[in-house]
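# Structural features, examined
As a plain string of letters, each chain reads:
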Amino acid sequence: QVQLVESGGGLVQPGGSLRLSCAASETLLSFYVMGWYRQAPGKQRELVAVIRSGGTATYGDSVKGRFSISRENAKNMVYLQMDSLVPEDTAVYYCKLAGPTREYWGQGTQVTVSP
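Residues numbered from 1 in each chain as written. Predicted model: local features only at pLDDT ≥ 70, side-chain atom pairs only at ≥ 80, totals over all residues. Heavy atoms only, no water.

### Examining the pairing of strand E4 (residues 33-39)
To be explicit about the condition: The classification of residues rests on relative accessible area computed with a 1.4 Å probe and restricted to protein chains. Under 20% of the type maximum is buried, over 50% is exposed, and intermediate values are partly exposed. Note on conventions: DSSP H or I runs of at least 4 residues are helices, E runs of at least 2 residues are strands, and numbering of each starts at the N terminus. Paired strands, as defined in this entry, are two strands with at least two bridges between them according to DSSP.
Here E4 lies mainly inside the structure; five of its seven residues are buried. Pairing between E4 and strand E5 (residues 46-52): six bridges, direction antiparallel. If you follow Tyr37 over to E5, its bridge partner there is Leu47. Once E4 ends, the chain turns through six residues before running back antiparallel as E5, passing Gly42 with a positive phi of about 80°. Direction of pairing for E4 relative to strand E9 (residues 91-98): antiparallel, over a ladder of seven bridges. Each bridged residue has a counterpart across the sheet, and for Val33 the counterpart in E9 is Ala98.

Structure, rendered in structure tokens:
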């Protein structure tokens, strides 16, 4: 069982920045896709950003140009740099790793954007 631990969430003012981290208990090389999703109260979980083993990334429309996903294979870490945050970014952010036959989710970290 792979363990994923997210960190870096918190309260930030509009226009501010946060960097989320996801630590995996297994090498990232075992997975095809690494990504971040979020779920706001009363809404469905949605894609924020994913990065594939080849390095290509895909972003949700609402975060394009503001968020950036990256990974550090040597440390089994996935990051999400979030800039120009707006109140609509408030949600619980989840890390996800997916391989050919399995996928894992973290427990989530709360991000709140408020004056």
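Now that the structure is up, let's keep going.
### Some points on the state of the cysteines
Put simply, the rule reads: Whenever a pair of cysteine sulfur atoms sits within 2.5 Å, that pair is classed as a disulfide.
Evaluated as defined, the whole model comprises one disulfide. Through a disulfide, Cys22 is tied to Cys95; the S-S separation comes to 2.1 Å. Negative torsions about the S-S bond denote left-handed disulfides, and the value of about -80° found for Cys22 with Cys95 makes this one left-handed. Placement of the pair is Cys22 in strand E3 (residues 18-24) and Cys95 in strand E9, with a sequence separation of 73 residues. No difference in accessibility class separates Cys22 from Cys95, as the two residues are buried.

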